[in-house]
Amino acid sequence: GKTSRTLTYIQDENANETRSIVRVLSYIPGKMFEEAGATSTRLFLLGILLGKMDKALFGFNHPALKREFVWNLKQGGAVIRQYCELLDP
């Protein structure tokens, strides 16, 4: 049968010895939420979905969750301090 790999190796364009592992994803056909338009029904259904996800993940913990993500709003102050010299005066 047909096998499917979600993880694969890639090399940079200079064909150096460095190889990286990447996750290859496929997507189902359709529109992104933003493209579809935010109707009251879609927003209601999105709220239900997010509520179910929140409930399902309640109490979930993993060591990888302890790392700092620059897109986490709780890290905003640290990110600004780290990169403030890059901002135009």
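This report concerns the structure included in the present document. Treat the numbers as computed from the prediction; the structure is a model and nothing was measured. (Residues numbered from 1 in each chain as written. Predicted model: local features only at pLDDT ≥ 70, side-chain atom pairs only at ≥ 80, totals over all residues. Heavy atoms only, no water.)

Per the secondary structure count, the protein includes three helices and two strands. The secondary structure elements of the protein, listed N-terminal to C-terminal, are β-β-α-α-α. Buried positions account for 1% of the 89 residues belonging to the protein. Total accessible area computed for the protein in this model is approximately 9,200 Å², and 59% of it derives from carbon and sulfur atoms. (Helix = DSSP H or I, 4+ residues; strand = E, 2+ residues; numbered from the N terminus. Buried < 20%, exposed > 50% of the residue type's maximum accessible area, 1.4 Å probe, protein only. Areas by Shrake-Rupley, 256 points an atom, 1.4 Å probe, with all protein chains shown as cover.)

The terminal C-alpha atoms of helix α2 (residues 40-57) lie 26 Å apart, and with 18 residues this matches the ideal 26 Å at 1.5 Å per residue to within 8%. Residue Gly59 follows α2 closely and has a positive phi angle near 85°. (Expected span 1.5 Å × (residues − 1).)

A few words on a nonpolar patch on the surface. Side chains of Leu49, Leu50, Met53, Leu57, Phe60 and Leu65 sit close together on the surface and give an oily, nonpolar patch of about 590 Å² of accessible area. The class of Leu50 is partly exposed, set by a relative accessible area of 46%. (Patch = residues over 30% accessible without salt bridge, like charges linked within 9 Å, V, L, I, M, F, W, Y side chains within 5 Å. Salt bridge = Lys/Arg side-chain N within 4 Å of Asp/Glu carboxyl O.)

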